[in-house]
Amino acid sequence: ISASELRSARDEMQRFLLEYRFGMQEIETKIGILREEFEHTHAYNPIEHVTSRLKSPDSLVDKVARKGIDPDFDTIRARITDIAGVRITCSFVTDVYRLFDLLSHQDDITVLQVKDYIAEPKPNGYQSLHAIVEVPVFLSTGRVAVPVEVQFRTIAMDFWASLEHKIYYKYASQVPEGLLAELKDAADSAAALDHRMQRLHRELHGPRPGAIVAV
Ligand code: 0O2
């Protein structure tokens, strides 16, 4: 492969990823608007923090190889939907579903897939609500629909997932059996804490804190 071919492959990859960056920014803006409007109108902020990440070219290439997908951009576009990711950490479980509802009902958003790991936690205890949503991005060449993976979770779920991820890496995915059971137990404790905090919140603020008209 010549230097100019290499350069053009790099440019094509950067251009490909750019659309996902824009899609991610659109979702961040939508969440930022909801957060500000919520605080203003309801004097309540249901969001603790928001983080975003774009898959690196390296990890995208690894995923393409792992899944045995044809390495052309059209196939990657159709098959890999977590290139852009936004994680919304909410205060309470009710906020998780409320934020998901508010985002997914916006009329320029198309929900492609929902995985509710809160209703059905993974066997290791992982909990979060995952949605692949498609958001329009307007380029000089026209409109493109960009998929973004949005993860909604509480602070307790986020705390568990961050540390579990670190432990998993430390043991190069070979986590000892006893530790797996402890992690599952810790996930149950995190869920119990969520229920408890939700109950306290409800006792103080009534059944629907910062309630808004359901969409
Ligand atoms: P990163 O670095 O967060 O992006 P697929 O993504 O299609 O191969 P799957 O299992 O269908 O796989 O996707 P799923 O279940 O929606 O989960 C994908 C993402 O959720 C992961 O992304 C993690 O962010 C998070 N996740 C899922 N399961 C776990 C878990 O057991 N522990 C933790 N800590 N996070 C989890 P990536 O790409 O793995 O990583």
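That block above? That's the structure.
Residues numbered from 1 in each chain as written. Predicted model: local features only at pLDDT ≥ 70, side-chain atom pairs only at ≥ 80, totals over all residues.

So, the overall build of the protein
- Counting its secondary structure elements, the protein contains six helices and five strands.
- The linear arrangement of helices and strands in the protein, starting from the amino end, is α-β-α-α-β-α-β-β-β-α-α.
- If one aligns the C-alpha atoms of the protein with their principal axes, the spans along those axes are about 65 × 45 × 20 Å.
- Taken across its 215 residues, the protein has 22% of its residues classed as buried.
- Across the protein, the fraction of contacts at a sequence separation of at least 24, relative to all contacts at a separation of at least 6, is 68%. (Helix = DSSP H or I, 4+ residues; strand = E, 2+ residues; numbered from the N terminus. Buried ≥ 20, exposed ≤ 12 C-beta atoms within 10 Å, placed from the backbone. Contact = placed C-beta atoms within 7 Å.)

Here's the deal with the environment of A187
- Relative to the assigned elements, A187 resides in helix α6 (residues 177-205).
- Of the residues examined, A187 has 21 C-beta atoms within 10 Å and is grouped as buried.
- Taking the C-alpha atoms as reference points, A187 and A161, separated by 26 residues in sequence, lie 8.7 Å from one another.
- Aside from chain neighbours lying at most four places away, what touches A187 is P121, G125, Y126, Q127 and W160.

Here's the deal with the site of the ligand
- All residues adjacent to the ligand are D82, G85, K115, K122, N124, Y126, H130, A161, E164 and H165.
- Tallied by class, the residues present in the shell around the ligand amount to two nonpolar, four polar and four charged. (Near = placed C-beta within 6 Å. Nonpolar A, V, L, I, M, F, W, Y, C, P; charged D, E, K, R; others polar.)

Considerations on the sheet that holds strand β3 (residues 110-116)
- The five strands lie next to each other as β1-β2-β5-β4-β3, forming an open sheet whose pairing is mixed. Each having just a single partner strand, β1 (47-54) and β3 make up the two edges of the open sheet. For this sheet, the mean inter-axis angle between neighbouring strands, taken without regard to orientation, is 25 degrees.
- Sheet analysis places β3 next to strand β4 (residues 129-139), joined by six bridges and oriented antiparallel. Residue pairing across strands places V111 opposite V133, the latter belonging to β4.
- Running over the sheet, helix α5 (residues 155-170) touches β1, β2 (84-90) and β5 (142-154) and is turned about 95 degrees from β5. (Pairing = 2+ DSSP bridges. Axes fitted to C-alpha atoms, helices over the stretch in contact; angles between N-to-C directions.)

What about unusual backbone geometry?
- Look at A43: it is not a glycine, yet its phi comes out positive at around 50 degrees.
- You can see A43 is positioned in the loop between α1 (3-42) and β1.

Considerations on the environment of D107
- By secondary structure assignment, the location of D107 is in the loop between α4 (93-104) and β3.
- The class for D107 is exposed, based on 5 C-beta atoms found within 10 Å.

Section: the packing of α5 against α6
- At a minimum axis distance of 9 Å, the contact between α5 and α6 shows a crossing angle of 165 degrees. With respect to α6, the element α5 is oriented roughly antiparallel. Relative to α6, the crossing made by α5 is right-handed. Together, A156, M157, F159, W160 and E164 of α5 and L183, A186, A187, A190, L193 and D194 of α6 make up the contact between the two elements.
- Here the contact of α5 with α6 is built from residues that sort into nine nonpolar, no polar and two charged. (Parallel < 35°, antiparallel > 145°, perpendicular 65-115°, else oblique. Left-handed = near helix turned anticlockwise from the far one by under 90°.)

Overview of the nonpolar core
- With 23 residues, the main nonpolar core has V96, L99, F100, V148, V150 and F152 as its most contacted residues.
- Among the secondary structure elements, those contributing two or more residues to this core are α1, β2, α4, β4 and β5.
- At five residues, the largest contribution of residues to this core is made by α4.
- Apart from residues no more than four positions distant in its own chain, F100 is found in contact with L129, A131 and F152.
- Formed by five residues, the second largest nonpolar core is a distinct cluster that contains A156, M157, A161 and A187. (Core = buried A, V, L, I, M, F, W, Y, C linked by C-beta atoms within 7 Å.)

A short note on α1
- Taking 1.5 Å per residue as the helical rise, α1 with its 40 residues ought to reach 58 Å, and the 57 Å between its terminal C-alpha atoms agrees with that figure.
- Where α1 is concerned, the buried positions are Y20, G23, M24, E26, I27 and F38.
- Where α1 is buried, its residues meet β1, β2, β4 and β5. (Expected span 1.5 Å × (residues − 1).)

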